[in-house]
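# Structural features, examined
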Amino acid sequence: GEKRHELPCFVVLASDGLWDVMSNQEAVDMVAEVVAAYDSTDRVSWNNGGAFQEAAEVLAVDAFVRGSTDNIGVCIVALVA
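Small disclaimer: the values here were computed from a predicted structure and weren't measured. (Residues numbered from 1 in each chain as written. Predicted model: local features only at pLDDT ≥ 70, side-chain atom pairs only at ≥ 80, totals over all residues. Heavy atoms only, no water.)

The next point concerns the side chain of Ser15. Summarising the element assignment, Ser15 is placed in the loop between β1 (9-14) and α1 (16-19). Not counting chain neighbours up to four residues away, the residues in contact with Ser15 comprise Asn71, Ile72 and Gly73. (Helix = DSSP H or I, 4+ residues; strand = E, 2+ residues; numbered from the N terminus. Contact = heavy atoms within 4.5 Å.)

Set out below in structure tokens:
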């Protein structure tokens, strides 16, 4: 079977530049995809937040590519214990 990646809870905080061109579900799906693919051999280090930083950059770039004309700011907050 396919190995499922345990995805922690997270919140996407972003300016209108993202939300003008992307739905909530699209943003969540993109973050989940980046986090799941971030490190296929070891668990992603939630302490350094590397996967979430990369996901925030992916969202910002995607909003720009989609033609957003507003300011684009993205922060992803991981809610891990």
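Having seen the structure, we can now continue with the description.
Looking now at the pattern of salt bridges. Counted by the stated rule, this structure contains two salt bridges. Note that Arg66 and Glu26 form a salt bridge whose closest N and O atoms lie 3.3 Å from each other. With Arg66 in the loop between α3 (50-65) and β2 (74-79) and Glu26 in helix α2 (residues 24-37), this pair connects stretches of sequence that are 40 residues apart. Ionic pairing is found between Asp62 and Arg66, a salt bridge with its closest N-O pair at 2.6 Å. (Salt bridge = Lys/Arg side-chain N within 4 Å of Asp/Glu carboxyl O.)

The subject of this paragraph is the nonpolar core. Within the largest apolar cluster, 16 residues are counted, with the highest numbers of intra-cluster contacts made by Val12, Val31, Leu59 and Ile76. Breaking this core down by element, the ones donating at least two residues are β1, α2 and α3. Ranked by the residues each element gives to this core, the list is headed by α3, at six residues. Aside from chain neighbours lying at most four places away, what touches Val31 is Phe10, Val12, Phe52, Ala55, Leu59 and Ile76. (Core = buried A, V, L, I, M, F, W, Y, C linked by side-chain atoms within 4.5 Å. Buried < 20%, exposed > 50% of the residue type's maximum accessible area, 1.4 Å probe, protein only.)

As a further point, take α3. Look at α3: 23 Å from first C-alpha to last across 16 residues, which is about the 22 Å you get at 1.5 Å a residue. Looking at α3, one finds that the buried residues are Gly50, Ala51, Phe52, Ala55, Ala56, Leu59, Asp62 and Ala63. The elements touched by buried residues of α3 are β1, α1, α2 and β2. In the stretch just after α3, Gly67 is the one whose phi turns positive, near 95 degrees. (Expected span 1.5 Å × (residues − 1).)

Our focus in this paragraph is the packing of aromatic side chains. The final tally for this structure, using the stated rule, is one aromatic pair. An angle of 50 degrees between the planes, with centres 6.2 Å apart, marks the rings of Phe10 and Phe52 as tilted. Here the residue Phe10 occupies a position in strand β1, and Phe52 occupies one in helix α3, the gap between them amounting to 42 residues. Like Phe10, the residue Phe52 is buried in the burial classification. (Phe/Tyr/Trp six-rings, centres within 6.5 Å; stacked < 30°, edge-to-face > 60°.)

Here we come to the packing of α2 against α3. Running from amino to carboxyl end, α2 crosses α3 at an angle of 135 degrees, the nearest separation of the two axes being 9 Å. With respect to their mutual orientation, α2 and α3 come out oblique. For α2 against α3, the interelement crossing comes out right-handed. Side by side, α2 and α3 meet where Ala27, Met30, Val31, Val34 and Val35 of the first sit next to Ala51, Phe52, Glu54, Ala55, Val58, Leu59 and Asp62 of the second. For the contact of α2 with α3, the per-class residue count stands at 10 nonpolar, no polar and two charged. (Axes fitted to C-alpha atoms, helices over the stretch in contact; angles between N-to-C directions. Parallel < 35°, antiparallel > 145°, perpendicular 65-115°, else oblique. Left-handed = near helix turned anticlockwise from the far one by under 90°. Nonpolar A, V, L, I, M, F, W, Y, C, P; charged D, E, K, R; others polar.)

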